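An overview of the molecular structure
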Amino acid sequence: MEAVMKQKLSSQEAMTLENNHGAHNYHPLPVVLSKGKGVHVWDAEGKRYYDFLSAYSAVNQGHCHPKIVDALKEQAETLTLTSRAFYNDVLGAYEKYVTDFFGFDKVLPMNTGAEAVETAIKLCRKWAYEKKEIPENQAKIIVCENNFHGRTTTIISFSNDPDARENFGPYTEGFIRIPYNDLDALSEALKENNVAGFLVEPIQGEAGVFVPDDSYLTEAAKMCKENNVLFIADEVQTGVARTGKLLACDHENVKPDVLILGKAISGGVYPVSAVFANNEIMNVIQPGQHGSTFGGNPLACKVAIAALDVIIDEKLAENAEQMGQLFRQRMQKMVDSFELLSKVRGKGLLNAVVINDSPDSTTAWDICVALKENGLLAKPTHGNIIRFAPPLVISEEQLHECCDIIEKTISEF
Ligand code: PLP
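The following paragraphs examine the structure supplied in this document. (Residues numbered from 1 in each chain as written. Predicted model: local features only at pLDDT ≥ 70, side-chain atom pairs only at ≥ 80, totals over all residues. Heavy atoms only, no water.)

1. Thoughts on the sheet that holds strand 5 (residues 140–144)
The cut-off we apply is this: Being paired, for any two strands, means DSSP has found at least two bridges between them. Only DSSP runs of H or I covering at least 4 residues are called helices, and only runs of E covering at least 2 are called strands; the numbering of each starts at the N terminus. To obtain each axis, a line is fitted to C-alpha atoms, and for helices this fit is confined to the stretch in contact; angles are then taken between N-to-C directions over 0 to 180 degrees.
Spatially, seven strands are ordered 4-10-9-8-7-5-6 in an open sheet, and the strand pairing comes out mixed. Strands at the two margins of the open sheet, each flanked by one partner only, are strand 4 (106–110) and strand 6 (175–178). Between one strand axis and the next, the sheet turns through 20° on average, direction left out of account. Pairing geometry for strand 7 (residues 195–200) and strand 8 (residues 230–234), over four bridges, is parallel. Bridge assignment links G197 to a residue of strand 8, and that residue is L230.

Written out as structure tokens, the structure reads:
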């Protein structure tokens, strides 16, 4: 045991260990990372790569950001976990900071994105019974086709991805699925009895970076308001400056009734997630009705404060907006000249390039393997879609270098 932990493993050895001893619930690109700094990661043999996944947009602030790591170290030596059985002297300050930051009365702290989505679902249902007076167990939440909100039993119950669902039933009831970016479908669904909420990703990330029409969120939020239905934005992937604004909803000045954040709220340094709402909604949750041993621990709170400070201090939303425009311009030129590429789409630094091939092909995977050889890491979201989402600290010079790598790879493919 000690021998395995002490020796410096080669990439091959590390992959073999994972393969033999870990559940096969992921299909990673064959690269073993052992160090990260800013926009770069290094493999076990010391080769350097640009990271264009950013841990699915958790590492918006760049790998091992010194300010966030310092906050972690300092708090780790002071107090890490008390549980919520007692008060701690960091949680309240964090709650004040983060609610001011995002403009809500209250926050409910959790750890992972899926937990935060579960929390939002429970909050919405409880609000529906206690405030909207929906009859017991009748509340329905509208969701979208091709959604991705996590992996819990309830969340996969309203997914339409066969891999996520098959043989994990029986499924949780109480969801109506409608096409994404379809206001007529939303309008129809809102006519059903006992609708409590509309849960939506402002841009569908895992589905392949689907950006809805310009006024979709505005209109959807308005329709929800008219029907006394909670507009619940899952900004776990789009939030915290990724799309060129603090929140993707900010592009339309839409304020969700319930906001779900995760991933980059901690800069990827520690699992932190959060659900935000104003008092008339959040106050339906009373002691004993929801919780988490780790949620709101002092370490998480200090890390999240530092991570959000970095977003503002380094103007990461502004940089994401500018670099995103540059990236799409460069990719559009490639789309115009390479038949292999059919489209680029996205907002800020959440972008995808669509390959001229079927969703069942391995072309996107093969391109990602070739990109890796050329020093850039990205991951397909489908057989024909590659998401490009570098840390938001990327400079113009670095971005051009990365576009050169992508161009070279595609031209040789
Ligand atoms: N919601 C969205 C929009 C996501 O993209 C994800 C993860 O990719 C989640 C929820 C789940 O987050 P986690 O993997 O931290 O549970």
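There's plenty left to go through after this.
2. What to know about the packing of aromatic side chains
The line we're drawing: Working definition: a ring pair exists when centres of Phe, Tyr or Trp rings (six-membered ring for Trp) sit within 6.5 Å. Plane angles under 30 degrees give stacked, over 60 give edge-to-face, the rest tilted. For each residue, the accessible area found with a 1.4 Å probe, counting protein chains only, is set against the maximum for its type, and the residue is called buried under 20%, exposed over 50%, and partly exposed in between. Sitting over a ring, as applied to charges here, requires NZ of Lys or CZ of Arg to be within 6 Å of the ring centre and within 35 degrees of the ring normal.
One pass over the full model with this rule turns up 10 aromatic pairs. Seen in terms of ring centroids, F52 and F327 are 6.2 Å apart; in terms of plane orientation they differ by 40°. Their pairing is tilted. Residue F52 is found in the loop between strand 3 (48–51) and helix 3 (54–57), and its partner F327 is found in helix 13 (residues 316–337); the two are separated by 275 residues along the sequence. By relative accessible area, F327 is classed as buried at 1%. Ring-pair connections join several aromatic residues into one group, and the members of that group are Y97, F101, F102, F104 and F276. Above the ring of Y50, the side-chain terminus of R48 is found at 5.9 Å from the ring centroid. Cation over ring: R345 sits above F210, and NZ or CZ is 4.0 Å from the ring centre.

3. Quick look at the site of the ligand
This is how the line gets drawn: For each residue, the test is whether any non-hydrogen atom lies within 4 Å of the molecule or strand; if one does, the residue is near. Under the rule applied, a polar contact is a pair of N or O atoms within 3.5 Å (in protein, one hydrogen donor and one hydrogen acceptor; residues adjacent in sequence only if both atoms are side-chain atoms). Only the protein chains shown count as covering a residue, and every accessible area follows the Shrake-Rupley method with a 1.4 Å probe. Charged means Asp, Glu, Lys or Arg here, nonpolar means Ala, Val, Leu, Ile, Met, Phe, Trp, Tyr, Cys or Pro, and polar covers whatever is left, Gly included.
The immediate surroundings of the ligand are formed by T112, G113, A114, F148, H149, G150, E201, E206, D234, V236, Q237 and K263. Within the side chain of Q237, one N or O atom sits 2.8 Å away from an oxygen atom of the ligand. Separating an oxygen atom of the ligand from a side-chain N or O atom of K263 is a distance of 2.8 Å. Contact with the protein chains hides 81% of the accessible area of the ligand, taken as 390 Å² for the molecule alone. Looking at the shell around the ligand residue by residue, the classes come out as three nonpolar, five polar and four charged.

4. Structural notes on empty space enclosed by the protein
What counts, and what does not: Throughout, the protein atoms alone are placed on a 1 Å grid, and a set of points is a cavity if a 1.4 Å probe fits but cannot get out or a pocket if it is open with protein on both sides within 12 Å along at least five of seven lines; lining residues have an atom within 4 Å of a point. Grid points are joined across faces, edges and corners, and a volume is the space filled by probe spheres set on the points.
Tallied over the full model, the rule gives two cavities of 30 Å³ or more. Quantified by volume, the largest cavity comes out at close to 60 Å³. In this structure, the largest cavity is lined by P202, I203, V211, P212, D213, D214, L217, A248, H251, E252 and K347. Across the lining of the largest cavity, the residue classes tally to six nonpolar, one polar and four charged. Reported here for the second largest cavity is a volume of approximately 30 Å³. Contributions of two or more residues to the lining of the second largest cavity are made by strand 4 and helix 12 (298–313). Of the residues belonging to the lining of the second largest cavity, the class tally is six nonpolar, two polar and no charged.

5. Brief notes about the pairing of strand 8
Put simply, the rule reads: Viewed with both strands pointing away, a crossover whose connecting path from the first strand over the helix to the second turns clockwise is right-handed.
Most of strand 8 is tucked away: five of the five residues are buried. Chirality of the crossover, the property in question, places the unit of strand 7, helix 10 (residues 216–226) and strand 8 among those that are right-handed. Of the strand pairs in this sheet, strand 8 and strand 9 (residues 258–261) are connected by three bridges, and their pairing is parallel. Looking across to strand 9, one finds that I232 is bridged to V258.

By themselves, these observations are geometric and do not establish any function.
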